[in-house]
Amino acid sequence: VQLQASGGGSVQAGGSLKLSCRASGMIWSTFTSSRKAWYRQASGKQRELVAEITSEESTTYQDSVKGRFTISKDNSRKMVYLQMNSLEPEDTAVYYCNVRLGSRDYWGKGTEVTVSS
């Protein structure tokens, strides 16, 4: 299983970015049944959960991003997305795509997001 994240970049506060994550090496039915999430890790801090979406389409967000970020998926393309609006300097971090199959976690290499004030 490989996860390839993209879409990061540098934006000014108040701007938007959309992150994408493509899963490969995983059959469609397995991807569909997995839990998908985005995490982030700011410099000097621990990795934290930003948003997750279950196979039943249930979503959970970190309090600091509620109302600003939206996680979605396209099972047919084995893609996971994170739409980020009203970005703040505190959102600056490396963002990682995660897919969980049972008790096993798969991680992408991360894509960097920098928000300037």
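Residues numbered from 1 in each chain as written. Predicted model: local features only at pLDDT ≥ 70, side-chain atom pairs only at ≥ 80, totals over all residues. Heavy atoms only, no water.

Draft legend 1. Fine view of the pattern of salt bridges. A complete count under the given rule lists nine salt bridges for this structure. For Glu48, the salt bridge is made with Arg40, and the minimal N-O distance between the two is 2.8 Å. Of the residues examined, Arg40 reaches a relative accessible area of 5% and is grouped as buried. Connected via shared salt-bridge partners are Arg40, Glu48, Arg68, Glu88 and Asp91. (Salt bridge = Lys/Arg side-chain N within 4 Å of Asp/Glu carboxyl O. Buried < 20%, exposed > 50% of the residue type's maximum accessible area, 1.4 Å probe, protein only.)

Draft legend 2. Seen up close, the sheet that holds strand E1 (residues 2–6). Strand order across the open sheet formed by four strands is E1-E3-E8-E7, with antiparallel pairing between neighbours. For this open sheet the edge positions go to E1 and strand E7 (69–74), each flanked by a neighbour on one side alone. Direction aside, the axes of adjacent strands within the sheet are offset by 15° on average. By the bridge criterion, six bridges tie strand E3 (residues 17–24) to strand E8 (residues 79–84) in an arrangement that is antiparallel. (Pairing = 2+ DSSP bridges. Helix = DSSP H or I, 4+ residues; strand = E, 2+ residues; numbered from the N terminus. Axes fitted to C-alpha atoms, helices over the stretch in contact; angles between N-to-C directions.)

Draft legend 3. Just the environment of Glu56, in detail. Position of Glu56 relative to the elements: it lies in the loop between strand E5 (48–53) and strand E6 (59–61). Using a relative accessible area of 62% as the deciding quantity, one classes Glu56 as exposed. Linking Glu56 and Ser33, residues 23 residues apart in sequence, is a C-alpha distance of 8.4 Å.

Draft legend 4. The arrangement of the pairing of E1 in detail. The alternating pattern of E1 places Leu3 and Ala5 on a buried face, while none of Gln2, Gln4 and Ser6, on the opposite face, is buried. In this sheet, E3 lies alongside E1 in antiparallel orientation, the contact comprising five bridges. Counterpart to Gln2 in the pairing with E3 is Ser24.

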